[in-house]
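Architecture at a glance
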Amino acid sequence: MSSNQKQPLLHRITRKDHAAIAFTLDGEPCEGRAGDTLLSAILNRVDSLRRTEFSGEPRAGFCQMGACQDCWVTTETGERLRACTTPLQPGMRIVTGVGRAA
């Protein structure tokens, strides 16, 4: 990890033995676990999910249950997904606009 990249927001302490699921985050190969939401898989790699369109500040999701609209991400094909309620699927290619994964 380079000196200008921040640490992941979340650190996995359970479910380490669940099957690995490969996905791509901002062009970088990543790995989550079976049963992860897209949000938990992403935040196990980076410190923020996206930047707010109003101030440009980093955001990492808020309510974690699909009510606040704070965790939208986009697939490489342009589909918008709510990361906190979308199960991680093998081969997902996610673009956050925040930067490259750690």
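Cut-offs and rules
- Residues numbered from 1 in each chain as written.
- Predicted model: local features only at pLDDT ≥ 70, side-chain atom pairs only at ≥ 80, totals over all residues.
- Heavy atoms only, no water.
- Pairing = 2+ DSSP bridges.
- Helix = DSSP H or I, 4+ residues; strand = E, 2+ residues; numbered from the N terminus.
- Axes fitted to C-alpha atoms, helices over the stretch in contact; angles between N-to-C directions.
- Buried < 20%, exposed > 50% of the residue type's maximum accessible area, 1.4 Å probe, protein only.
- Salt bridge = Lys/Arg side-chain N within 4 Å of Asp/Glu carboxyl O.
- Polar contact = N/O pair within 3.5 Å; in protein donor to acceptor, adjacent residues only side chain to side chain.
- pLDDT = per-residue confidence, 0-100.
- Contact = heavy atoms within 4.5 Å.

Once that is clear, we can look at the sheet that holds strand E2 (residues 28-33). Pairing is mixed across the open sheet formed by five strands, whose spatial order is E2-E1-E7-E5-E6. In this open sheet, the two edge strands, each paired with only one partner strand, are E2 and strand E6 (80-82). Between one strand axis and the next, the sheet turns by 45° as a mean value, whatever way the strands run. As defined by bridge partners, strand E1 (residues 20-25) adjoins E2 across six bridges and the pair is classed as antiparallel. Bridge pairing in E2 links Ile21 to Gly32.

Here the phi dihedral of Asp26 falls at roughly 50°; this positive angle occurs in a residue that is not glycine. Within the secondary structure, Asp26 is located in the loop between E1 and E2. What makes Asp26 buried here is its relative accessible area of 13%.

Right, let's talk about the pattern of salt bridges for a bit. Tallied over the full model, the rule gives two salt bridges. Between Arg93 and Glu76 there is a salt bridge, and its shortest N-O distance comes to 2.6 Å. Here the residue Arg93 occupies a position in strand E7 (residues 93-95), and Glu76 occupies one in the loop between strand E5 (72-75) and E6, the gap between them amounting to 17 residues.

Turning to the side chain of Asp36, a few remarks are in order. Mapped onto the secondary structure, Asp36 falls in the loop between E2 and helix H1 (38-43). Within the local environment of Asp36, its side chain forms a polar contact with the backbone nitrogen of Arg33, the two atoms lying 2.8 Å apart.

Across the protein, pLDDT averages 81, with 77% of residues at or above 70. When the criterion is pLDDT under 50, residues 1-5 qualifies, and its contacts beyond four places in sequence or with other chains add up to seven contacts.

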